[in-house]
Every structure is written in structure tokens, then in C-alpha cells.
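Structural characterization, general
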Amino acid sequence: MVELVEQAAAGVVTMHARARSAGADCPHCGSASDRVHGRYMRRLADAAVGGVRVVIELLVRRFKCPNLACQAVTFAEQIAGLTSPHARYTPLVREQLTSIALALAGRAGARLAGVLGLRVAKDTLLRLVHATPEEPVGQIRVLGVDDFALRKGDSYATILVDLETRRPVDVLPGRDAEPLAAWLKGHPEVEIICRDRAGAYAEGACTGAPQAVQVADAWHLWHNLGAAVEKTVSAHHACVRTTFENTFPATPPAGDDIWLTPPAAALLDVCGRERRLVTRTRERHTAVRQLLDDGSTLEDICRTLQLDRSTVRRFARATSIDELLVKATNRSTILDEYKPYLHQRWIEGCHSSAQLHQEIVALGFAGSLQTVRRYLRPFKTATVGPPARRSAPRPRRIVRWIMTDPGNLTADDAADLKEIRTGCRELDAVTHHVRDFAAMMRDLRGDQLPAWMERALTDDLPALHSLIIGLSRDIDAVTAGLSTPWSSGQVEGQVTRTKLLKRQGYGRANLDFLRKRVLLTP
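**Concerning the overall build of the protein chain**
From N to C terminus, the protein chain includes 23 helices and twelve strands. Among the 522 residues that make up the protein chain, the fraction classed as buried is 42%. When contacts within the protein chain are restricted to residue pairs at least 6 apart in sequence, those whose partners lie at least 24 apart make up 59%. Here the protein chain has roughly 28200 Å² of accessible surface; of this, 52% comes from carbon and sulfur atoms.

**As for the pairing of strand β5 (residues 36-49)**
The side chains of a regular strand alternate, residue by residue, between the two faces of the sheet. Summarising the sheet, β5 and strand β6 (residues 52-64) pair through eleven bridges and their orientation is antiparallel. Its bridge partner being in β6, Arg 42 is matched across the sheet by Leu 58.

**A few points about the side chain of Glu 359**
By the element assignment, Glu 359 lies in helix α14 (residues 353-362). In this structure Glu 359 comes out as buried when scored by relative accessible area, which is 14%. Separated by 3.0 Å, the side chains of Glu 359 and Gln 355 make a polar contact. Among residues more than four places away in sequence, those in contact with Glu 359 are Tyr 341, Arg 345 and Cys 350.

**Digging into the confidence of the model for the protein chain**
Per-residue pLDDT for the protein chain has a mean of 82; in total, 88% of the residues score no lower than 70. Within the model, the stretch residues 248-265 combines pLDDT values under 50 with 24 contacts to residues more than four positions away or in other chains.

**Focus: the packing of helix α9 (residues 276-293) against helix α11 (residues 309-317)**
Running from N to C, α9 and α11 point in directions that differ by 80°, and their axes come no closer than 9 Å. One finds that α9 runs roughly perpendicular with respect to α11. Here Thr 281, Arg 284, His 285, Val 288, Arg 289 and Leu 292 of α9 lie close against α11, whose contacting residues are Thr 311, Val 312, Phe 315 and Ala 316. Among the residues forming the contact of α9 with α11, the class breakdown is five nonpolar, three polar and two charged.

**Some points on the sheet that holds strand β12 (residues 213-216)**
One open sheet accounts for five strands, arranged β10-β9-β8-β11-β12; its pairing is mixed. Across the chains shown, the open sheet's two edge strands, defined by having one partner strand only, are β10 (167-173) and β12. In this sheet, adjacent strand axes meet at a mean angle of 25° when their direction is disregarded. As paired strands, strand β8 (residues 142-151) and strand β11 (residues 192-195) are joined by three bridges and run parallel to one another. In the sheet register, Leu 143 faces β11, and the bridge partner there is Ile 193. Helix-sheet contacts for helix α22 (residues 489-504) involve β8, β9 (155-162) and β10, and the interaxial angle to β8 is about 30°.

Rules of the game
- Residues numbered from 1 in each chain as written.
- Predicted model: local features only at pLDDT ≥ 70, side-chain atom pairs only at ≥ 80, totals over all residues.
- Heavy atoms only, no water.
- Helix = DSSP H or I, 4+ residues; strand = E, 2+ residues; numbered from the N terminus.
- Buried < 20%, exposed > 50% of the residue type's maximum accessible area, 1.4 Å probe, protein only.
- Contact = heavy atoms within 4.5 Å.
- Areas by Shrake-Rupley, 256 points an atom, 1.4 Å probe, with all protein chains shown as cover.
- Pairing = 2+ DSSP bridges.
- Polar contact = N/O pair within 3.5 Å; in protein donor to acceptor, adjacent residues only side chain to side chain.
- pLDDT = per-residue confidence, 0-100.
- Axes fitted to C-alpha atoms, helices over the stretch in contact; angles between N-to-C directions.
- Parallel < 35°, antiparallel > 145°, perpendicular 65-115°, else oblique.
- Nonpolar A, V, L, I, M, F, W, Y, C, P; charged D, E, K, R; others polar.

Rendered as C-alpha cells:
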């Protein structure tokens, strides 16, 4: 029995207490003792009342152990539900502070606890998280695996998720095969492993759980297909621009050579000279291809040309210079949406740059008069006004049209895509293949994958061929990914939550602390 007496002070409610029991049991040997060796005062923080701190001053007795063989000579009594060895918080407060620490980490948690009347240091909150026991993993049948960045481009970690209970079960350092294989060897009950197409996870799953069926995530397959489609569209964007050019009125009269066709105009500046960006792209592409033909590695080329590795890799993987020029020249400007208006006003007879600048400023243009003058300078050398042209859609917009369900396209987008497919046989073929793949993925017909791959290989689509070669190396997992409803969607959600928890730590917490928060935060 504990006797309590309240005493209010400035901002603190102090409760004085002492035990009334006759004796206590030794925590080491279990012997009962009623021989009091001494007394001392313990101060325990309890749950706040009305936002006011509560402190319990507990008079504790120290007993002498009667067992001469016991390693403890004396021991302090503990009050069940109120005290534990060396604790300065009651179990209720400890539970509250642990919940705050798991939700907000150190500094933010300490600030919130202070507002709630619980004075605590940030380091104490971190220690509470580390001391919290983890839930047992239990039996796992379907496991999801994915990586996330601790520091992007430098260090990574792997998260494991039980897809049936929808909760993370572990966080492993790195994203290599060995840690995953070691973890799987301790869980032979795993039957299905959902993963992306990373080779390290495939190797780790084969080594650690050869009995499990590996499933390549459908979203990653669709994303890989989209990347191949984007490369194809970029390589054939000249066909798209030619198709849209042919829909315009007849060529202007002789002497109006200033009105260049869209492909050429995209490569030249307003003075008719080749743009510096285009010239630089050509020179870099020639230099990279020459060094590759001489047997140089990407690292050697980076050092020789003093270029970033990603830039050299992009030039090395390009199938043609046109693919690079499409990305280099298809850059939007703040004047793009006002060009049709400028064309129309010029045809109507308004040739004053200052007047036209004022008019488009009234429409929302935020650029300078010089920008308008540079654009209109070629107009002054022509005998007639330029026709209002419809610009070709950018590659990414075409990719979106191809990758979208035809039933979800607007009438205008569907008409533009049909026009593009009519003007380019390769883009028509890739559209057919994408829609066949989408139907196969939607209907879970992975058995149709080999036939789809054979049909795609018959067309001249290098980017799609590269994708098929990669799929062939992981054909069993890809087929399972297109045949079963399991995916890594839940894992991606856990990765997003993990990134939030990581940022709440302001980059100061290590992987052990982040792992605790990932596993224990609901």
C-alpha cells in the first residue's frame, strides 16, 4: 500500500508517498526480507494534470537480504505499477514519452512533451526508442523488398514488408544480395518475394530462399516499358514534326526562305545561325562516339572530356544524334503560348514590336520587350506574314498518349496520336505493342509474354529490343509479375513513410534509430 499526500507549488504538483508493506522480496534470489537497512527519496515524473507537471516524491526503503549466498547485500523495494530500477518516470509517462519519440523523434518530441507538461531531454527520448522492444516477426508467406536512400547517391538501405499483414518487418543495411540472403535463410517459410528488377535482390532471393517464387513488380515493368517508349519517340520525333508540317498550308512564296521548316528552325537561332546548344551537342556526340570506338571506358571519357558520368552515359546510349537534338531543342520558353497571337497580329498588319509586347503583357506575358524583338526580327525580312503554325507535341506528351488507355484520351489527343501513327510506322508499331502489353498486364496473362516478345523483336525498335533482352534475363519473375495479383505497391507506400521519418530526424539519426521508428511507428 502507498500513502499519498499532495502539495501544490508554482507550476508543479508534488505528491509525497511512502510504502506501507511489511517487507519485500530480493530481486536476485527471491528471498523475503523485513530488515530495513536504510531509506532514501526517489522523485518520479508522473502524467501531467491540466498541463501542470506532476512529481511523486517516494520514500523508498532499502532492505538487507537474509540469504548469505546472494550476490546482493541490500536491495531497494519496488512498487508494482509505479517504479522500476533506475527509472525517473512512472510507467504511464514512459509510455507517453515513447509514443512521442516514435512519432516526432528527438527535438520536436521534446518540444511537444514540454507543452504537455512533461519535461524531457531529446537524448532521453532517443534512449527510450532504442530501449523499446520490437514485435516478433512471426511467420511470413509473402514478402515485399525494396530499397530507399539514406543519403541519395551515397548510402542506401533495404526495407522488408509483410504484404499480408501490411507492416514492415525489418530494415537491412545497404541494397546488396548478402544481407537479404542471410535474412531469408532465417525465414524458410517465405513462399513469394515481390521485388523490382534489381539484380542484387534477384541474387539474394535465389540464394536465401530458393523455394520462393519471385515476382517482378508490375509497376516497375510498366515504368521500364515507358522508358523504352520515350527513347523510341525521341529517336523518331523528326517524323512527328514532318507530319505536323504537312498539315499546314502550302509553302510561302519565293523569297520567303526565312520561314524554315520546323525541324530546321528548331536548330537555328533567330539570325539563321546554328544554335550554340546544337553545335555543342554535335561536338560532344562525335567525341564520345570516337572515344568509344577507340575502346575507351566511360570513366576514361569522363576524364578526357571533363564531363559528368551521366552526361557521357546519355551520349553513349543514344541511338542517333537526332535523339539527342530532340531533347536539346525541345525546351519551352515563356513566349511559346503567345506565338500564335503574334503571328495572327502580324498578318493583320501590326508590325510594331513595342505595340505587340504591350498587347501580350496585357494577356499575361512576363518577358521583356527584347525577347519579343528577337522573335519578330526574322518577320521583317519576309514579304508576307508567316502562317500560324501548329507546333509538334513534345516527346513526353506523345509518350503519355501512347501509355494511356485509349478510352481515357480526349478527342483532340486521340486525333493527334492517330495522325502521328499514320506518319510514322515505328511509332504505330510501338503503340500496338504497348497496348498489347497493357492488356496482358491487366488480364494477368503472363503466359502471353513470349509471344509478345517475339512480335516486338520483328519490328525495328532498338529501345524495345533492349528492354526485351533485359526481361529475358529475368523471365520467370516477369512472367509471375504479369500472372499474379501481388505487387510492391504496399512496399512503395512504406518507403514513402520511411522517407518522412528520415526527414523528421534532420539527417542526424543513424540507421539503427531509423529502423526502430520504421518498425514501431504505427
